[in-house]
Amino acid sequence: MHYPPHEAPTSGVQQLIGFQPDLSNPDGSTRVTLDIGPQHLNVSGVLHGGLHTLLLDVATGFACARHCAMSGPFVPMLTLSLTTDYILAVREGRVVATGRVTGGGFKILYAEAQLHDAEGKLLSRATGVFKRAKT
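Residues numbered from 1 in each chain as written. Predicted model: local features only at pLDDT ≥ 70, side-chain atom pairs only at ≥ 80, totals over all residues. Heavy atoms only, no water.

The name an unreviewed UniProt entry gives the protein is Thioesterase domain-containing protein, with Sulfitobacter dubius as the organism.

Take a look at the structure:
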């Protein structure tokens with residue numbers, strides 16, 4: 001299946017945290033990048049676990065939105081459930097979350113994402129359930 005590129009709507013959380021979404025992959029997957037700064041670190045000096053989850057959530061949610069939209073307008077999604085596994089810590093550099101749809105139907109979708117560092121090391125992963133938002 002081929003997906004056209006989509007424009008990701010800007011959100012307040014995107015402006016606050018500074019991540020950048022990429023919704024152009026023709027396979028429907030999405031990428032969300034973040035250049036880690038001191039404001040993203042926890043008291044141990046590593047990327048805060050909540051930001052791991054945020055990036056994974058955004059990547060999976062946007063993948064679901066693209067899946068629902070196909071060639072039409074962007075479809076907002078709501079996260080019903082997100083399970084995150086933390087694997088490695090990271091202190092600096094760029095991280096990339098990649099999300100993709102794994103199944104579902106018209107209203108409910110299932111998706112997964114992985115967060116990697118610039119060297120390709122797996123940092124965390126998530127699976128989630130998403131619902132088409134009423135607009």
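Alright, that's what it looks like, and here's the rest.
A. Geometry of the overall build of the protein. From N to C terminus, the protein includes two helices and six strands. Reading the protein from its N end, one meets helices and strands in the order α-β-β-α-β-β-β-β. Dimensions of the protein, computed from the C-alpha atoms along their principal axes, are close to 40 × 25 × 25 Å. Counting across all 135 residues of the protein, residues that qualify as buried make up 41%. (Helix = DSSP H or I, 4+ residues; strand = E, 2+ residues; numbered from the N terminus. Buried < 20%, exposed > 50% of the residue type's maximum accessible area, 1.4 Å probe, protein only.)

B. Representation of the sheet that holds strand β1 (residues 20-22). The strand order β1-β2-β4-β5-β6-β3 describes an open sheet built from six strands, whose pairing is antiparallel. Only two strands of the sheet have a single partner each, and these edge strands are β1 and β3 (77-86). Across this sheet, the average inter-strand angle for adjacent strands is 20°, counted without regard to direction. Examined bridge by bridge, strand β5 (residues 108-117) and strand β6 (residues 122-132) share nine bridges and lie antiparallel to one another. (Pairing = 2+ DSSP bridges. Axes fitted to C-alpha atoms, helices over the stretch in contact; angles between N-to-C directions.)

C. Broad picture of the nonpolar core. Membership of the largest hydrophobic core comes to 22 residues, with the highest contact counts inside it found for F19, L47, L55, V95 and L115. When contributions to this core are tallied by element, the ones reaching two or more residues are β2 (30-35), α2 (49-69), β4 (94-104), β5 and β6. Considering every element that reaches this core, the biggest residue donor is α2, with seven residues. The contact partners of F19, leaving out residues within four places of it in the chain, are V13, Q14, V32, T33, L34, L54, L55 and V58. If you look at the next biggest cluster of nonpolar residues, it comprises nine residues, including C68, A69, L109 and A111. (Core = buried A, V, L, I, M, F, W, Y, C linked by side-chain atoms within 4.5 Å. Contact = heavy atoms within 4.5 Å.)

D. View of the packing of aromatic side chains. Scanning the entire structure with this criterion turns up one aromatic pair. Geometrically, the ring pair formed by F62 and F74 is edge-to-face, given 5.6 Å between the ring centres and 75° between the ring planes. Of this pair, F62 sits in helix α2 while F74 sits in the loop between α2 and β3, and the two are 12 residues apart along the sequence. Of the residues examined, F62 reaches a relative accessible area of 12% and is grouped as buried. Owing to a relative accessible area of 25%, F74 belongs among the partly exposed residues under this scheme. Cation over ring: R132 sits above F106, and NZ or CZ is 3.9 Å from the ring centre. (Phe/Tyr/Trp six-rings, centres within 6.5 Å; stacked < 30°, edge-to-face > 60°. Lys NZ or Arg CZ within 6 Å of the ring centre and 35° of its normal.)

E. Examining the pairing of β2 more closely. Relative to β2, β1 runs antiparallel, the two sharing three bridges. If you follow Q20 over to β2, its bridge partner there is T33. Two elements, β2 and β4, share six bridges in a ladder whose sense is antiparallel. Within β4, the position partnered with L34 by the bridge is V95.

F. How the structure looks around α2. Relative to the 30 Å expected for 21 residues at 1.5 Å per residue, α2 spans 30 Å between its end C-alpha atoms, a close match to the ideal helical length. Two residues or fewer past α2, M70 is found with a positive phi of approximately 50°. (Expected span 1.5 Å × (residues − 1).)

G. Quick look at the pattern of salt bridges. All chains considered together, the criterion is met by four salt bridges. In this structure, D35 and R94 form a salt bridge, with 2.7 Å as the shortest nitrogen-oxygen distance. Remark: R94 occurs in strand β4 and D35 occurs in strand β2; sequence separation between them is 59 residues. By relative accessible area, which is 46% here, D35 ends up partly exposed. Given a relative accessible area of 41%, R94 falls into the partly exposed group. The partner of E112 in a salt bridge is R100, and the shortest N-O contact between them spans 2.6 Å. Placement of E112 in strand β5 and of R100 in strand β4 is noted, with a sequence separation of 12 residues between them. Judged by relative accessible area, R100 falls into the partly exposed class, the value being 43%. (Salt bridge = Lys/Arg side-chain N within 4 Å of Asp/Glu carboxyl O.)

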